[in-house]
Amino acid sequence: MNDLLQRIINLYSHKPKITYQLGADSIEGLTPKLDCSSFVWRVFGERKYDSVKHIWRNTSWIWNDIENEETKFEKVHNLKDVKQGDVIVYGWDKGRAGHIAIINSIDSNNNIKGYDCSSSKNGIEFRNLNFFLKKNYVIGRYK
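Since the structure is predicted, the reported quantities are computational estimates derived from the model, not experimental observations.

Q: Explain helix H2 (residues 36-43) to me, please; I cannot follow it from the model alone.
A: Buried residues dominate H2, accounting for 8 of its 8 residues. All buried positions along H2 are accounted for by Cys36, Ser37, Ser38, Phe39, Val40, Trp41, Arg42 and Val43. Directly beyond the C-terminal end of H2, a positive phi value near 80° is found at glycine 45.

Q: Would you explain the packing of helix H1 (residues 2-12) against H2 in this entry?
A: The angle between the axes and the distance between the axes are what describe a pair of packed helices. As a packed pair, H1 and H2 sit with axes 9 Å apart at the nearest point and diverge in direction by 130°. Classed by the angle they form, the pair H1 and H2 counts as oblique. Here Leu4, Arg7, Ile8 and Leu11 of H1 lie close against H2, whose contacting residues are Phe39, Arg42 and Val43. Each residue belonging to the contact of H1 with H2 can be placed in one class, and the counts come to 5 nonpolar, no polar and 2 charged.

Q: Explanation requested: H1 in the structure shown.
A: Every α-helix carries 3.6 residues per turn, so stepping three or four residues along brings you back to the same face. Within H1 the residues assigned to the buried category are Leu4, Ile8 and Leu11. Along the axis of H1, the buried residues cluster in a sector spanning 70°; they form a single face. Seen from the buried face of H1, the exposed residues on the opposite side, beyond 90 degrees, are Asn2 and Asp3.

Q: Any chance you could explain the sheet that holds strand S3 (residues 33-34) here in plain terms?
A: Strand pairing in a sheet takes place through backbone hydrogen bonds and is either antiparallel or parallel in direction. The mixed open sheet is built from 3 strands, whose spatial order is S1-S3-S2. The open sheet is flanked by strand S1 (19-20) and strand S2 (25-26), the only strands paired with a single partner.

Q: Is there a simple way to explain the packing of H2 against helix H3 (residues 59-68) in this structure?
A: Where H2 meets H3, the closest approach of the two axes is 8 Å, and the angle between their N-to-C directions is 60°. Put simply, H2 runs oblique to H3. Residues Cys36, Ser37 and Trp41 of H2 pack against Thr59, Trp61 and Ile62 of H3.

Q: What is the right way to look at the packing of aromatic side chains in this model?
A: The tally for this structure, following the rule as stated, stands at 10 aromatic pairs. A centroid spacing of 6.1 Å and a plane angle of 70° characterise the contact between phenylalanine 44 and phenylalanine 73, whose relative ring orientation is edge-to-face. On the criterion of sequence distance, the pair formed by phenylalanine 44 in the loop between H2 and strand S4 (49-50) and phenylalanine 73 in strand S6 (residues 73-76) is long-range, its members being 29 residues apart. Exposure remark for phenylalanine 44: the relative accessible area of 7% places this residue in the buried category. Between phenylalanine 73 and tyrosine 142 the ring centres are 5.7 Å apart and the planes differ by 65°, which places this aromatic pair in the edge-to-face class. Highlighted residues: phenylalanine 73 in strand S6 and tyrosine 142 in strand S11 (residues 136-142), separated in sequence by 69 residues. Among the residues examined, phenylalanine 73 registers a relative accessible area of 0% and is labelled buried. Owing to a relative accessible area of 25%, tyrosine 142 belongs among the partly exposed residues under this scheme. Clustering of aromatic rings is evident, with ring pairs tying together Trp41, Phe44, Trp61, Phe73 and Tyr142. The ring of tryptophan 61 is capped by arginine 57, whose NZ or CZ atom sits 5.9 Å from the centre of that ring.

Q: Quick question: what am I supposed to make of the side chain of arginine 57 here?
A: Note that arginine 57 resides in the loop between strand S5 (55-56) and H3. Owing to a relative accessible area of 3%, arginine 57 belongs among the buried residues under this scheme. Within the structure, arginine 57 has its side chain in polar contact with the side chain of glutamate 46 (distance 2.9 Å). If near-sequence neighbours (up to four positions away) are discounted, arginine 57 is found in contact with Ser37, Trp41, Glu46, Arg47, Lys48, Asp50, Ile62 and Lys72.

Analysis parameters
- Residues numbered from 1 in each chain as written.
- Predicted model: local features only at pLDDT ≥ 70, side-chain atom pairs only at ≥ 80, totals over all residues.
- Heavy atoms only, no water.
- Buried < 20%, exposed > 50% of the residue type's maximum accessible area, 1.4 Å probe, protein only.
- Helix = DSSP H or I, 4+ residues; strand = E, 2+ residues; numbered from the N terminus.
- Axes fitted to C-alpha atoms, helices over the stretch in contact; angles between N-to-C directions.
- Parallel < 35°, antiparallel > 145°, perpendicular 65-115°, else oblique.
- Contact = heavy atoms within 4.5 Å.
- Nonpolar A, V, L, I, M, F, W, Y, C, P; charged D, E, K, R; others polar.
- Arc of directions from axis to C-beta.
- Pairing = 2+ DSSP bridges.
- Phe/Tyr/Trp six-rings, centres within 6.5 Å; stacked < 30°, edge-to-face > 60°.
- Lys NZ or Arg CZ within 6 Å of the ring centre and 35° of its normal.
- Polar contact = N/O pair within 3.5 Å; in protein donor to acceptor, adjacent residues only side chain to side chain.

What is shown is where atoms sit, not what they do.
This is the structure:
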């Protein structure tokens, strides 16, 4: 987890500040922008665009990968099994995801704290992620 945490810190403290833009995946230049899934891929040391398979691994792609335990993620079935560095994805219905974040901790009352890149905060933030639990959600562990 130390490498992941260091990548989060690097992105969080990036100058100029990284802001949110749907579909964005660029931390270069004067206006660096990421969306939530680009942020997650950067933390895991990958990019949103898979140049080998020529696909965009967006939030819905991650949701489906977790649900099917296909290539990059295994599903975490219970909140008590969550570890630092797991991802949580919420969706509106099966396979149609809306947002993703990286979990830092869950306390004994199931309060989730973590990191995301969000339009509501206009960038990378550490915050309470309990709003995910009010939606359809899945939790995955990067393999």
